[in-house]
Amino acid sequence: MWSDLFMGLGAVGLMLLGIDWMTRGLKRAAGPSFMQILQRWTSTPLQGIFIGGISTLAVQSSAAITVTVVGFANANILSLSAAAFVIYGSNLGSSLSAWMVAVVGGSFKMDGLALPILGMTVILKLFSKQSRSQGIGEALTGIALLFLGLSYLKLSFDSVFVNVDFAYLTSLGVAGLLLSMLAGILLTVAMQSSLAVVALVVTAVSTGSVPLEVGAAVVIGSNVGTTSTALLATLSATATAKRVASLHVLFNVLTAIVAMLALKPLLWGVQGIALFVFRDTQPEFILALFHTVFNALGVVLMYPLTPPLIRWLETRFKPPTPVTSFTLDQSSLAIPSLAIKTMSLEGMRAGQLIARQALMMGQQHKLDSQLLEDNKQILQNLHLYIAKLAQQDMSAKEAELLHQLVQNQLRLSMALQQLPGLARHLTQDPSAFDLEIPYWQSLSNSPLPPDPVALRNAYRQFVHDRQQRKQLIVQDVLHERIGQESGGDDFLKLAETRRFNQQLTKALLAFIKLQSSFDKQTKRTKETPPDTADETETLLQ
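Since we're looking at a predicted model, the values are computed, not measured.

Here is what the cut-offs are and how they apply
Residues numbered from 1 in each chain as written. Predicted model: local features only at pLDDT ≥ 70, side-chain atom pairs only at ≥ 80, totals over all residues. Heavy atoms only, no water. Helix = DSSP H or I, 4+ residues; strand = E, 2+ residues; numbered from the N terminus. Buried < 20%, exposed > 50% of the residue type's maximum accessible area, 1.4 Å probe, protein only. Contact = heavy atoms within 4.5 Å. Areas by Shrake-Rupley, 256 points an atom, 1.4 Å probe, with all protein chains shown as cover. Salt bridge = Lys/Arg side-chain N within 4 Å of Asp/Glu carboxyl O. pLDDT = per-residue confidence, 0-100. Core = buried A, V, L, I, M, F, W, Y, C linked by side-chain atoms within 4.5 Å. Expected span 1.5 Å × (residues − 1). Axes fitted to C-alpha atoms, helices over the stretch in contact; angles between N-to-C directions. Parallel < 35°, antiparallel > 145°, perpendicular 65-115°, else oblique. Left-handed = near helix turned anticlockwise from the far one by under 90°. Phe/Tyr/Trp six-rings, centres within 6.5 Å; stacked < 30°, edge-to-face > 60°. Patch = residues over 30% accessible without salt bridge, like charges linked within 9 Å, V, L, I, M, F, W, Y side chains within 5 Å. Nonpolar A, V, L, I, M, F, W, Y, C, P; charged D, E, K, R; others polar.

## Section: the overall build of the chain
Next, step 1: In terms of regular secondary structure, the chain is built from 24 helices and zero strands.
Next, step 2: When the 541 residues of the chain are sorted by exposure, 50% land in the buried category.
Next, step 3: Counting only contacts in the chain whose residues sit at least 6 apart along the sequence, the fraction spanning at least 24 positions is 80%.
Next, step 4: Working note: accessible area of the chain is about 25,200 Å², and carbon and sulfur atoms make up 63% of it.

Next comes the structure, spelled out in structure tokens:
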């Protein structure tokens, strides 16, 4: 008995390892195009549900999709409404994973399937160097390990639990079903994989070890347990992330309540559908169908409730303080390309805050030391996030973009460090920055992301005005309207502000270019002519 029990524990370990490999491999095979699909094809609720379901089937992990959707909502790729319906679809897609276990487990010898699949993965690993093929090979390895784990788990259930009376839970009535649901919640939280729990329950039901009604309650609990991943992803996260996680929790909890209240009628209806439509009454098949039906019921229930829920959630959760990041949290790190896009937006926001502080300095004739410290903290937060991002696996293109992020981060830091030096000129001349104030105002009031054409035109006008000011200084010195020392101070101030504005403008233009590289399909990018690096360098000489 003990050997069978240890075999069961090892089988669960194989399943979890297989699910992890399968998810990572499928995400790697999908590549950055996955982000573009979510952005383009979620404009309506039905499209969001469809894409959420397909995405979960593709990567075999509703948790991975949920964390990704939270990051997309933070990066303004998805609206809160679109993110909600993608998550609903993800729940529906996760229910279809039970079909794979039920159909394959009931029709094939799973350990017999595992070995040929492993053979295919070896061929892919040996003869293919493409990232997508490598990802497919990794995913197939995960599928093989999952099948192997399921076959050993089935043997373990046949031996270990043959004398355990799980039917006793049904005799307890509502209390027994609630205990079963609680077991499903705890198992999913512990394993961090609803697929593993569903596979375990379907296997147990197929062997007759667990009654169908108890298995259905455990599956409902597993659905609720998946919300733990979203909740963990939003610890110390932004308000947007918390709103998306709240919608996920509300969907799963409401669906679970309705499914538990109508458990017996639902099972009776599902058994009728299975018999009439599919001519199949095997318990594992009925459980898989039940999983799909009650998730579909949840989508139907939440569809009309989502708009008022979103309006209510938008009034909840405090917005971030100026020191904290608006969109950066752990969820964006799951996909490096998403994190880079988010960082470029945050970089533009930080640059705008630096321009706003320079504007306040020129208008109020003094430097706000507290605001300076706040801006330094913002840049420090960006630096720490870049350091975390650098530890993630990424492609060569993503590594190159990350290198550009670091360069622009340094430019912002250099610009911020120059502000105290610029402020010293105000002690001698309160109107020292009258020339720069219009340019700083245009940077402060520009939308995010700024229009690159408007930014370049504003900088050109500023450079033209600066050249005229230099000529006036030369004329004033020549005609002895001002002394040489005063003229030298004016030239020094122009040189210092030139360096400040140059670093700030270079960083903003580079961040805009990074941002536009992720938005090539949008109308704005099509209407805006591309700006070359040479043109930018020439402008900022």
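## A few points about the pattern of salt bridges
Next, step 1: Using the criterion set out here, one finds two salt bridges in the structure.
Next, step 2: When the shortest N-O distance is used, the salt bridge between Arg-349 and Glu-346 registers 3.5 Å. Taken as a pair, Arg-349 and Glu-346 lie in helix H17 (residues 336-364) at a separation of three residues, close to a single helical turn. Residues Arg-349 and Glu-346 agree in their burial class; the two are buried.

## Brief notes about the confidence of the model for the chain
Next, step 1: Across the chain, pLDDT averages 76, with 71% of residues at or above 70.
Next, step 2: Counting interchain partners and residues more than four positions distant, the pLDDT-below-50 stretch residues 521-536 has 20 contacts.

## With respect to the nonpolar core
Next, step 1: Grouped together as the largest cluster of nonpolar side chains are 49 residues, with contacts concentrated most on Leu-419, Phe-500 and Leu-504.
Next, step 2: Going through the elements one at a time, H17, helix H18 (369-390), helix H19 (396-423), helix H20 (437-445), helix H21 (452-478) and helix H22 (484-516) are the ones with two or more residues in this core.
Next, step 3: Those residues in contact with Leu-419 that lie beyond four places of it in its chain are Ile-354, Gln-357, Ala-358, Met-361, Leu-367, Leu-372 and Phe-500.
Next, step 4: Listed in part, the 35 residues of the second largest apolar core include Ile-185, Val-205, Ala-256 and Ala-288.

## Some thoughts on H17
Next, step 1: Its 29 residues give H17 an end-to-end C-alpha distance of 41 Å, which sits within 8% of 42 Å, the value for a rise of 1.5 Å per residue.
Next, step 2: The buried fraction of H17 is high, at 24 of 29 residues.

## Digging into helix H11 (residues 194-206)
Next, step 1: With 13 residues, H11 should cover 18 Å at 1.5 Å per step; its first-to-last C-alpha distance of 18 Å lies within 8% of that length.
Next, step 2: The element H11 is largely enclosed, with a buried count of twelve among its 13 residues.
Next, step 3: Taken together, the buried positions of H11 are Ser-194, Leu-195, Ala-196, Val-197, Val-198, Ala-199, Leu-200, Val-201, Val-202, Thr-203, Ala-204 and Val-205.
Next, step 4: Two residues or fewer after H11 comes Gly-208, characterised by a positive phi angle close to 85°.

## Considering the environment of Gln-502
Next, step 1: When you line up the elements, Gln-502 lands in helix H22.
Next, step 2: Judged by its relative accessible area of 11%, Gln-502 falls in the buried class.
Next, step 3: Sequence separation between Gln-502 and Tyr-459 is 43 residues; the distance between their C-alpha atoms is 9.1 Å.

## Quick word on the packing of H17 against H18
Next, step 1: The contact between H17 and H18 brings their axes to 11 Å, and the two run at 165°. One element, H17, and the other, H18, form an angle in the roughly antiparallel class. In this structure, the crossing between H17 and H18 has a hand that is left-handed. For the pair formed by H17 and H18, the contact residues are Pro-336, Ala-339, Ile-340, Met-343, Glu-346, Ala-350, Leu-353, Ile-354, Gln-357 and Met-360 on the first element and Leu-371, Leu-372, Asn-375, Ile-378, Leu-379, Leu-382, Tyr-385, Ile-386 and Leu-389 on the second.

## Comments concerning the packing of aromatic side chains
Next, step 1: Evaluated as defined, the whole model comprises nine aromatic pairs.
Next, step 2: Considering the side-chain rings of Tyr-439 and Phe-462, the 5.3 Å spacing of their centres and the 15° angle between planes classify their relative orientation as stacked. Note that Tyr-439 is positioned in helix H20 and Phe-462 in helix H21, a separation of 23 residues in sequence.
Next, step 3: Residue Tyr-439 is classed as buried on the basis of its relative accessible area of 3%.
Next, step 4: Taking the relative accessible area as the measure of exposure, Phe-462 reaches 3% and is therefore buried.
Next, step 5: Relative to Phe-462, the ring of Tyr-459 lies with its centre 6.1 Å away and its plane at 50°, an arrangement referred to as tilted. A residue pair is termed a helical-turn pair when its members lie 3 or 4 positions apart in one helix, as Tyr-459 and Phe-462 do in helix H21 at three residues. Grouping residues by exposure puts Tyr-459 and Phe-462 together as buried.
Next, step 6: By way of ring pairs, the aromatic residues Phe-85, Tyr-88, Phe-251 and Tyr-303 are connected into one cluster.

## A short note on unusual backbone geometry
Next, step 1: Its identity is not glycine, yet His-365 carries a phi of approximately 65°, on the positive side.
Next, step 2: The topology assignment puts His-365 in the loop between H17 and H18.
Next, step 3: Take His-365: its relative accessible area is 41%, and that puts it in the partly exposed class.

## Some words on a nonpolar patch on the surface
Next, step 1: Judged by side-chain polarity, Phe-50, Ile-54, Leu-57 and Leu-96 come together as a nonpolar surface patch covering roughly 340 Å² of accessible area.
Next, step 2: Looking at the secondary structure, you find Leu-96 in the loop between helix H5 (80-95) and helix H6 (97-107).

## Examining the environment of Glu-496
Next, step 1: Position of Glu-496 among the secondary structure elements: in helix H22.
Next, step 2: Excluding its chain neighbours within four sequence positions, the residues that come into contact with Glu-496 are Gln-418, Gly-421, Leu-422 and His-425.

## Describing the environment of Asp-434
Next, step 1: With respect to the helices and strands, Asp-434 occurs in the loop between H19 and H20.
Next, step 2: We classify Asp-434 as partly exposed; its relative accessible area is 45%.
Next, step 3: With 71 residues separating them in the primary sequence, Asp-434 and Gln-363 have C-alpha atoms 8.4 Å apart.

## Examining the packing of helix H12 (residues 212-225) against helix H16 (residues 283-313)
Next, step 1: Interaxial distance between H12 and H16 falls to 10 Å at its minimum, and their mutual angle equals 40°. Comparing their axes, H16 and H12 come out oblique. Two packed elements cross with a definite hand, and for H12 against H16 that hand is right-handed. Side by side, H12 and H16 meet where Leu-212, Gly-215, Ala-216, Val-219, Ile-220 and Asn-223 of the first sit next to Pro-283, Ile-286, Leu-287, Phe-290, His-291, Phe-294 and Asn-295 of the second.
Next, step 2: Tallied by class, the residues present in the contact of H12 with H16 amount to nine nonpolar, four polar and no charged.

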